[in-house]
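Inside the fold
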Protein chains: 2
Amino acid sequence: MAEVKLLGVSLSPFSRRVEWALKFKGVEYEFIEEDLQNKSPLLLQSNPVHQKIPVLIHNGKPISESMIIVEYIDETFEGPSILPKDPYDRAMARFWANFLDVKCITTIGKALFGKGEESDKAKEESLELLKILDNELKGKKFFVGDNFGFADIAANLMAFWLGILEEASGVILVTNEKFPNFCAWKDEYINCSQVKEYLPSRDALLAHFQARFQTAAAP
Amino acid sequence: MAEVKLLGVSLSPFSRRVEWALKFKGVEYEFIEEDLQNKSPLLLQSNPVHQKIPVLIHNGKPISESMIIVEYIDETFEGPSILPKDPYDRAMARFWANFLDVKCITTIGKALFGKGEESDKAKEESLELLKILDNELKGKKFFVGDNFGFADIAANLMAFWLGILEEASGVILVTNEKFPNFCAWKDEYINCSQVKEYLPSRDALLAHFQARFQTAAAP
């Protein structure tokens, strides 16, 4: 039995975050693909509170919530550090990871998937959040310091998945005119060595989300 | 000039979390009371993204978001550890702190402060979340292990502020019949040595929130 198992969905940015952290550290693991329409007993038993992927099972003990798993991996396995060493830089990395997860993903999710007034309000708020990121990322390759790390892992949804979700939903939030720094960062992110080889296929993701939007729009 | 400043609101559970962490470590600090109706230039400049308290300023460098500050304090200053030493226990502490902050506070806030359908839905969800906590806290004094720590600091709003908010709003979510383990934990929490002396006055808090609910209900 593998010492490290990951229950996930290969197209999910949250699963990918954990995979990146494991690959970053050189940890071997068994990936178990979950069907979210028919969750496995192992998933439900391992994450009874949220019943969500990803779940890392290490020596039989489950951990859930993607960025909590990433931090666990950083503290448990040898290899390059994911969080910076300096406590202030660590706080900044956690700050941006939290901003991306708690503020951006929730709001942008409503802008793309919501309806009516809720979606309109979320679109306005999303543009404000993107403005904050655009200011922060001016001239920057990574969120904190000179190395790809914790906040950059958290940013995968914004850097890669968002563009595909925009295309699939027809709701365009990011334009080069409005957010030039964010766009420059995003292009560099997608092509950087730590990321490029670990991204899922753009075509597969687009087809997946197009199908989801069509199902959602069906009468 | 003090090396450590805390911009906060003395009745806020989020400010108190940071104060507890500082007191836990024996760090001297200057508390600067903020007026949230008229935020100081220092607050706006120190936390331009969220424009919220608390903000810790250490040697001139600002950090925001209460639990990120608590972790910074744990990593920066000598003294007893706030997070457990073991990586799995640390992950569990972060898991419950995240659950309390991201799930409970948002949902319960809507249940108490929301209106109409939104509030009704949030009340139902709040009861489910309280059930999860009630199961988790069965026979437990602390969230993780035998020591007061990270998740317990995050739980201050649920253990102390919630009861007062219920009384001020007239919306009662927690009863001993429904959530006996949660109630037993809460009573012990409020009276434990790490907490008791650091709580604000119940009467002052109640008067504060009663005034807020009356203002909100005014035509």
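Predicted, not measured: the structure shown is a model, and the values here were computed from it.

Residue and element names in this part refer to chain A. Within the open sheet, the four strands sit side by side as β2-β1-β3-β4. Their pairing is mixed. Strands with a single pairing partner mark the edges of an open sheet, and in this sheet they are β2 (30-33) and β4 (61-64). Neighbour-to-neighbour, the strand axes of the sheet open up by a mean angle of 20°, direction not taken into account. In this structure, strand β1 (residues 4-8) lies alongside strand β3 (residues 55-58), joined through four bridges in antiparallel fashion. The residue of β3 that forms the bridge with Leu-6 is Leu-56. Its contacts with the sheet put helix α1 (residues 13-25) on β1, β2 and β3, and the angle it makes with β1 is roughly 160°.

The next point concerns the interface of chain A and chain B. Listed per partner, the contact involves 25 residues of chain A and 25 residues of chain B. Scanning the region where chain A abuts chain B turns up six salt bridges. A salt bridge links A:Arg90 to B:Glu75; the shortest N-O distance between them is 2.9 Å. Inspection of the region where chain A meets chain B yields eight residue pairs in polar contact (both at pLDDT 80 or more). If you list the elements that add at least two residues to the side of chain A that touches chain B, you get β4, α3 (66-76) and α4 (87-113) of chain A. Here the side of chain A that touches chain B gets 12 residues from one element, more than from any other, and that element is α4(A). Partitioning the side of chain A that touches chain B into residue classes produces 14 nonpolar, four polar and seven charged.

Residues and elements named next belong to chain B. Spatial strand order, β2-β1-β3-β4: four strands in an open sheet with mixed pairing. In this open sheet, the two edge strands, each paired with only one partner strand, are β2 (30-33) and β4 (61-64). Between one strand and the next, the sheet's axes are offset by a mean angle of 20°, whatever the strand orientation. The pairing of strand β1 (residues 4-8) with β2 spans four bridges and is classified as parallel. Bridging from a neighbouring strand, Leu-6 pairs with Phe-31 of β2. Contacts from helix α1 (residues 13-25) reach β1, β2 and β3 (55-58) within the one sheet, and its direction differs from that of β1 by about 160°.

A few words on the domain arrangement of chain A. All names here are of chain A. Looking at chain A, the domain boundaries give domain 1 (4-76) and domain 2 (87-217). The interface is formed by 12 residues belonging to domain 1 together with 19 residues belonging to domain 2. Of the roughly 1600 Å² buried at the junction of domain 1 and domain 2 (both faces included), carbon and sulfur atoms supply 70%. Taken as a group, Leu-11, Arg-17 and Trp-20 account for 44% of the area that domain 1 buries against domain 2, more than any other trio of residues on that side. Seen at the junction of domain 1 and domain 2, the total is two salt bridges. Between Arg-94 and Glu-71 there is a salt bridge, with its nearest N and O atoms 2.7 Å apart. On inspection of domain 1 and its partner domain 2, the count reaches eight residue pairs in polar contact (both at pLDDT 80 or more). Elements that contribute at least two residues to the side of domain 1 that touches domain 2 include exactly α1 and α3. Of the residues belonging to the side of domain 1 that touches domain 2, the class tally is seven nonpolar, one polar and four charged.

About the thresholds
Residues numbered from 1 in each chain as written. Chains lettered and ligands numbered in written order. Predicted model: local features only at pLDDT ≥ 70, side-chain atom pairs only at ≥ 80, totals over all residues. Heavy atoms only, no water. Pairing = 2+ DSSP bridges. Helix = DSSP H or I, 4+ residues; strand = E, 2+ residues; numbered from the N terminus. Axes fitted to C-alpha atoms, helices over the stretch in contact; angles between N-to-C directions. Contact = heavy atoms within 4.5 Å. Salt bridge = Lys/Arg side-chain N within 4 Å of Asp/Glu carboxyl O. Polar contact = N/O pair within 3.5 Å; in protein donor to acceptor, adjacent residues only side chain to side chain. Nonpolar A, V, L, I, M, F, W, Y, C, P; charged D, E, K, R; others polar. Domains from an automatic or database assignment. Buried area = accessible area lost by both parts, 1.4 Å probe.

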